[in-house]
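Geometric and topological summary
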Amino acid sequence: MTPAKAKRLPPVPVREEDRLAMLQRYELLDTPAEAAFDQITRLAAKLLKVPVALISLVDRDRQWFKSRVGLPVQETPREYAFCAHALDSEALLVIGDARQDERFADNPLVTGDPNIRFYAGAPLRTADGLALGTICVIDDQPRPPLTPEEEEALRDLSAMTMAHIEARRAVGYLHPVTSLSNRFRFLADADALADALADDPATLPGTAVVIDAAASQQYAELTRVLGQVCADAFEVDCARRIAACLPDRTRLYHLSPARFAFILLSDGDGDLAATLDRISAAVRSPFQYQGVPIATSSGIGFVHRSDIAAESPVESVELLRAATSAAHQSLETQKPWCAYDEEQDRAAHRAFLLLRSLTEAMDGHGQLHMAYQPKVDLRTDRCIGAEALLRWTHPELGPISPAEFVPLAERTALVRPLTEWVIGAVLTQVAHWRQRGIDLPVSINISMLDLGSGDFTDRVEALLARHDVQADWIDFEVTESALMTDRAEVDRQLLRLRRLGIEVEIDDFGTGQSALSYLKDIPATAVKIDQRFIRSIADERSDQIMVRSTIDLAHDLGYLVIAEGVETAEAYDWLRLHGCDFGQGYLISRPLAPAAFEDWLAAGAFRPAAIQV
Ligand code: C2E
Ligand code: MG
Ligand code: MG
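Residues numbered from 1 in each chain as written. Chains lettered and ligands numbered in written order. Predicted model: local features only at pLDDT ≥ 70, side-chain atom pairs only at ≥ 80, totals over all residues. Heavy atoms only, no water.

1. What about the environment of Cys-338?
- In this fold, Cys-338 is placed in strand β13 (residues 338–339).
- Assessed through its relative accessible area of 8%, Cys-338 is described here as buried. (Helix = DSSP H or I, 4+ residues; strand = E, 2+ residues; numbered from the N terminus. Buried < 20%, exposed > 50% of the residue type's maximum accessible area, 1.4 Å probe, protein only.)

Encoded structure:
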């Protein structure tokens, strides 16, 4: 770049990066034309009797016109922008004849089209002194300096433009339903607080509180059943109740449907607890809509900025996320309010990560596979089948236990495709084994939630047909689930499976809450006693009593009994002696990959040498 050219470049304003960041925050760039701005530019052209009037925003490399009269282009490079010279000027920038001004004489906007001769611009300055751009007027004829009246008019137009920009921004910061400040305002205010903190360490760090006035499904239900008008009324009512509980001069924010927040500056935990108790009571009392009381569950969470461990200053979005996570915790545990707990948050984060990657894992990148654990007949020591157990090797996190990810999947719609994946994988294996003369039934673990879906048996039937597998080559292990909702549907599906010829085992027996009544009604063929009773059966008298009575009871009711978690020869012998039919556990074999399972079978060592009699 030649020195002559360098001289003609617009000066870089002081605090330029701040200015550019501020310009972004106003969200004006590249937005459609707006009548209020166009009225101002038309007025400017008329008052100052010029062909061209512009509201120009000076961006990093360009000036972009929010409104323009008499100019066909929407933007020009910043290096030619007259307005870029006006940003730091206190007064107006007025150029009577650009050809006579060495800064502009060979500017393409002067030498070519649009042929600028006269220019007068007034900066558009925010409250903290940063100029976003200018309002300017342009003529293709040289003109004498502005009269004092004209100068005043241009300054007034600049103030009007700025007032409109601010008003526009304020509206963008309000929630349309409650007119409370919205999430953007929350983040901007939290940022401002963080800046104050950085400037003056004596400033209190502040506490962010998030209130979920209803669980998201409840809010969706409210909208669906009673309509948006009711949901809006609910939010307005919540806002009123919460606001009544807040300390003076505390701003309430409306972040998203049924979610509110505020920032407390005082750090006294006693005050905070009292405030949160009041809010909790206020949002829990039923909302009345046309005489109908509507109760929702609510959650309140808070985080002190100083509680978030961070190397760099805590971002406000992170503050909000932490408080929201605490509110979620409160909703889940039904506690009136919860403080942010980093450990729980990390667990929730991991759960989210796992669920997100489970879909990809099911898409078949070799992350999921099945292991097979033998089951043996305790009287004959012969292998009578195998349990299929799902294995997941996550590309970053390594092996993940099904005890961790299956319950997570059960809480989402993912459980259905996951079960389908497992059944498909097992049927492929079973078909393969049968072809090779290995005719052992394989048990598949399913969730009660699978059975609640109404078409489970149909799907199984279709899969059996697709894989050319007979129904009695597999069976299902079902665990009682706290999440189970439609017990009648579960029983219907179990009966249909039985009619197809598929046997059903009750897994983890003894751990559920209603184990006995469950045993009376459920259409199952076998009971699998949970491993926690078996592992130390040889020594624990209470376990022995439990297991002995379970074996007798199950036999009396016509079930076969299998013990899982057989780890020692003593346990094996004890179970056989007390009439337990089958056993499964590390003593016999760990879960094995298919090829290793075949080797194990071929070795024929169903009964460990240590307990050969
Ligand atoms: P489960 O169905 O009760 O399976 C038995 C679990 O005990 C398995 O753990 C097995 O590896 C382990 N185990 C077997 N013998 C012993 C032993 O002698 N000692 C000890 N300490 N443990 C033993 P795994 O494979 O980690 O599976 C955990 C649970 O995850 C399963 O419990 C089952 O509820 C669930 N699960 C596993 N695979 C699937 C699946 O394909 N679908 C569904 N829905 N759930 C599955
Ligand atoms: Mg099982
Ligand atoms: Mg079990």
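So that's the structure; there's more coming.
2. Observations regarding the confidence of the model for the chain
- Considering every residue of the chain, the mean pLDDT works out to 90; 93% of them sit at 70 or more.
- Scored below 50 in pLDDT, residues 1–7 makes four contacts in the model with residues more than four places away or belonging to other chains.
- The low-confidence segment residues 608–613, where pLDDT is below 50, has seven contacts with residues more than four positions distant or belonging to other chains. (pLDDT = per-residue confidence, 0-100. Contact = heavy atoms within 4.5 Å.)

3. A look at the coordination of the magnesium ion (ligand 2)
- Donor atoms from the polypeptide that bind the magnesium ion (ligand 2) are Glu-387 (OE), Asn-445 (OD1), Glu-477 (OE) and Asp-507 (OD), placed at 2.0 to 2.2 Å.
- Counting the intervening residues between successive donors of the magnesium ion (ligand 2) yields the motif E-x57-N-x31-E-x29-D.
- Taken as a pair, the magnesium ion (ligand 2) and the magnesium ion (ligand 3) show a spacing of 4.3 Å, with Asp-507 coordinating each metal. Of this pair, Glu-477 sits in strand β18 (residues 474–479) while Asp-507 sits in strand β19 (residues 503–509), placing them 30 residues apart in sequence. Neither Glu-477 nor Asp-507 differs from the other in exposure class; each is buried. (Donors = N, O, S within 2.8 Å, 3.2 Å for Na, K, Ca; no water.)

4. A short note on the coordination of the magnesium ion (ligand 3)
- Every protein donor of the magnesium ion (ligand 3) is listed here as Asp-507 (OD), Asp-508 (OD), Glu-564 (OE) and Glu-564 (OE), and their distances to the metal cover 1.9 to 2.6 Å.
- Taken in chain order, the donor set of the magnesium ion (ligand 3) reads D-D-x55-E.
- A residue is classified by how much of its surface remains accessible, and Glu-564, at 7% relative accessible area, is buried.

5. Let's talk about the domain arrangement of the chain
- In terms of domain boundaries, the chain breaks down into domain 1 (16–173), domain 2 (183–340) and domain 3 (352–602).
- Between the C-alpha centres of domain 2 and domain 3 the distance comes to 44 Å. (Domains from an automatic or database assignment.)

6. Describing the side chain of Arg-305
- Tracing the chain through its elements places Arg-305 in the loop between β12 (299–304) and α11 (316–333).
- We note that Arg-305 is buried and unpaired, the nearest opposite charge coming from Asp-191 at a distance of 5.9 Å.
- A distance of 3.1 Å separates the side chain of Arg-305 from the backbone oxygen of Ala-190, its partner in a polar contact.
- The contacts of Arg-305, once residues within four sequence positions are left out, are Ala-190, Ala-194, Leu-197, Pro-205, Gly-206, Val-314, Ser-316 and Leu-319. (Lys, Arg positive; Asp, Glu negative; His and termini not counted. Salt bridge = Lys/Arg side-chain N within 4 Å of Asp/Glu carboxyl O. Polar contact = N/O pair within 3.5 Å; in protein donor to acceptor, adjacent residues only side chain to side chain.)

7. A few points about the pairing of β19
- Within β19, five of the seven residues are buried, leaving the element largely enclosed by the surrounding structure.
- Sheet topology note: the β18/β19 ladder contains five bridges and is parallel. Paired with Val-478 across the two strands is Ile-506, which belongs to β19.
- Note that β19 and strand β20 (residues 526–529) share three bridges and pair parallel. Bridge pairing in β20 places Phe-509 opposite Ile-529. (Pairing = 2+ DSSP bridges.)

8. Some thoughts on the pairing of strand β9 (residues 259–264)
- Counting buried positions over the six residues of β9 gives five, a clear majority of the element.
- Bridge count between strand β8 (residues 252–256) and β9: four bridges; the pairing is antiparallel. Along β9, the bridge assignment pairs His-254 with Phe-260.
- What sits between the antiparallel neighbours β8 and β9 is a turn of two residues, in which Ala-258 has the positive phi angle 60 degrees.

9. What about the packing of helix α14 (residues 415–435) against helix α16 (residues 456–467)?
- Interhelical geometry of α14 versus α16 gives an angle of 30 degrees and a closest axis separation of 10 Å. Classed by the angle they form, the pair α14 and α16 counts as roughly parallel. Like other packed secondary-structure pairs, α14 and α16 cross with a definite hand, here right-handed. Each of Arg-416, Thr-419, Glu-420, Ile-423, Gly-424, Leu-427, Thr-428 and Ala-431 in α14 lies in contact with α16, whose residues at this interface are Phe-456, Arg-459, Val-460, Leu-463, Leu-464 and His-467.
- In terms of residue class, the contact of α14 with α16 is built from seven nonpolar, four polar and three charged. (Axes fitted to C-alpha atoms, helices over the stretch in contact; angles between N-to-C directions. Parallel < 35°, antiparallel > 145°, perpendicular 65-115°, else oblique. Left-handed = near helix turned anticlockwise from the far one by under 90°. Nonpolar A, V, L, I, M, F, W, Y, C, P; charged D, E, K, R; others polar.)

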